[in-house]
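Here are the chains, one letter per residue:
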Amino acid sequence: PAGGWVMSATDAARLMAAFDPTLAPLVLTADSLATMRTWNGIQSDGPTHYQYGVGVMLVAPGTYLGHTGTIESVRSFALLLPNGYAVTVLTSSEKTVANGTALIDYFRAEIDALALLP
């Protein structure tokens, strides 16, 4: 992902899972998690206009928490779903999508289906 972090898709999913307040030990306090999940007035460009909390994207606000990354020919996203599952996609293709938010849009049906799992 952009930002210079080096990790696998599994590592990115583990990072997102750390923001699940139902898992122990908590990485952040409940107050910090609530602050992160509160829209800060900033939204992404493009047709979807994803909102941002503190340090994270709010995809379908109140539902999915995560972030995207785009640098050179790499596009990625990692999301925490409301059922506790974390999903990540990393790609090195410029042909399918222009950036990380477009990558979420591209896989939105699959993400929504995963969010319905128990």
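Heads up: the structure comes first, above all this text.
Residues numbered from 1 in each chain as written. Predicted model: local features only at pLDDT ≥ 70, side-chain atom pairs only at ≥ 80, totals over all residues. Heavy atoms only, no water.

### Remarks on the environment of R37
(1) Moving on: Looking at where R37 falls in the secondary structure, it is placed in the loop between α2 (30-36) and β1 (51-52).
(2) Moving on: A C-alpha to C-alpha distance of 7.1 Å links R37 and V54, two positions 17 residues apart in sequence.
(3) Moving on: Ignoring any residue separated from it by four or fewer positions in sequence, one finds R37 in contact with F19, P21, L58, L65 and L80. (Helix = DSSP H or I, 4+ residues; strand = E, 2+ residues; numbered from the N terminus. Contact = heavy atoms within 4.5 Å.)

### Examining the pattern of salt bridges
(1) Moving on: Taken as a whole, this structure holds two salt bridges when the rule is applied.
(2) Moving on: Between R108 and D112 there is a salt bridge whose closest N-O contact spans 3.1 Å. Placement of both R108 and D112 in helix α4 (residues 108-115) is noted, with a separation of four residues, approximately one turn of the helix.
(3) Moving on: By relative accessible area, R108 is classed as partly exposed at 22%. (Salt bridge = Lys/Arg side-chain N within 4 Å of Asp/Glu carboxyl O. Buried < 20%, exposed > 50% of the residue type's maximum accessible area, 1.4 Å probe, protein only.)

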